[in-house]
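Commentary on secondary and tertiary structure
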Amino acid sequence: SNWKFKKNRQTWLLKHVFNPKVLGKDDFKLFLAYVNGMQGRSREDLLERAKKMDTEIVVTDKKDEKSTIERIQKNRAHTLECLLENMPPHIIKPH
């Protein structure tokens, strides 16, 4: 295998993981496979960010771009939180 860890790439991914305009749906799915094997401080920091986002973002049923992005961000945060804590995720629906 010629896969090689690249710190700069990981840093970029961690910075943009919650931005669906930068990291699309398919790339996010690939990121989930990658993050599953991540260890150490980066994993802990990502888990804390995911928990914070999952708690702070209030999902609505509005259809504007901001609400749609927040819904995606909350779903990503929840998915990552469950993955990093080895819990099964549930689908978040608007209130």
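Before reading further, recall that the structure is shown in the block above.
Residues numbered from 1 in each chain as written. Predicted model: local features only at pLDDT ≥ 70, side-chain atom pairs only at ≥ 80, totals over all residues. Heavy atoms only, no water.

Across its full length, the chain holds four helices and zero strands. Listed N to C, the secondary structure of the chain is α-α-α-α in terms of helices and strands. Considering the chain as a whole, with its 95 residues, one finds that 36% of them fall into the buried category. Pairs at least 24 apart in sequence give 63% of the contacts found in the chain among residues at least 6 apart. A total of about 6,800 Å² of accessible surface is found on the chain, and carbon and sulfur atoms cover 55% of it. (Helix = DSSP H or I, 4+ residues; strand = E, 2+ residues; numbered from the N terminus. Buried < 20%, exposed > 50% of the residue type's maximum accessible area, 1.4 Å probe, protein only. Contact = heavy atoms within 4.5 Å. Areas by Shrake-Rupley, 256 points an atom, 1.4 Å probe, with all protein chains shown as cover.)

This part is about the packing of helix α1 (residues 7–16) against helix α3 (residues 40–56). Packing of α1 against α3 leaves a shortest axis separation of 11 Å and a crossing angle of 10°. Taken together, the axes of α1 and α3 are roughly parallel relative to one another. Of the residues in α3, those touching α1 at K7, Q10, L14 and K15 are S42, L46 and R49. (Axes fitted to C-alpha atoms, helices over the stretch in contact; angles between N-to-C directions. Parallel < 35°, antiparallel > 145°, perpendicular 65-115°, else oblique.)

Our focus in this paragraph is the packing of aromatic side chains. Per the stated rule, a full pass over the model turns up one aromatic pair. Centroid distance F31 to Y34: 6.3 Å. Interplanar angle 40°. Geometry classified as tilted. Highlighted residues: F31 and Y34, both in helix α2 (residues 25–36), separated by three residues, approximately one helical turn. Among the residues examined, F31 registers a relative accessible area of 3% and is labelled buried. (Phe/Tyr/Trp six-rings, centres within 6.5 Å; stacked < 30°, edge-to-face > 60°.)

Take α2 next. Over its twelve residues, α2 extends 17 Å from the first C-alpha to the last, a length consistent with the 16 Å expected when each residue adds 1.5 Å. Of all the residues in α2, the buried ones are F28, F31, L32 and V35. Seen along its axis, α2 keeps its buried residues to an arc of 110°; they face one direction. Those residues of α2 that are exposed and angled more than 90 degrees off the buried face are D26, K29, L30 and A33. Against the buried residues of α2 lie α1, α3 and α4 (65–84). (Expected span 1.5 Å × (residues − 1). Arc of directions from axis to C-beta.)

Turning our eyes to something else, we now look at α3. Here α3 is 17 residues long and its end C-alpha atoms lie 25 Å apart, about the 24 Å a rise of 1.5 Å per residue gives. For α3, the set of buried residues is S42, R43, L46, L47, A50 and D54. The arc that holds the buried residues of α3, viewed along the axis, is 135°, so those residues lie on one side. Facing away from the buried side of α3 by more than 90 degrees, the exposed set consists of R41, K52, T55 and E56. Where the residues of α3 are buried, they touch α1, α2 and α4.

With that settled, consider the layout of surface pockets. Of the voids in this model, the second largest pocket is the one considered here, and its volume is about 170 Å³. Surrounding the second largest pocket, G24, K25, F28, K29, I72, N75, R76 and T79 form its lining. Secondary structure elements with two or more residues in the lining of the second largest pocket: α2 and α4. Among the elements that make up the lining of the second largest pocket, the one with the highest residue count is α4 (four residues). When its residues are assigned to classes, the lining of the second largest pocket shows two nonpolar, three polar and three charged. (1 Å grid on protein atoms, 1.4 Å probe; cavity = no way out; pocket = protein on both sides within 12 Å on 5 of 7 lines; lining within 4 Å. Points joined across faces, edges and corners; volume = space filled by probe spheres on them. Nonpolar A, V, L, I, M, F, W, Y, C, P; charged D, E, K, R; others polar.)

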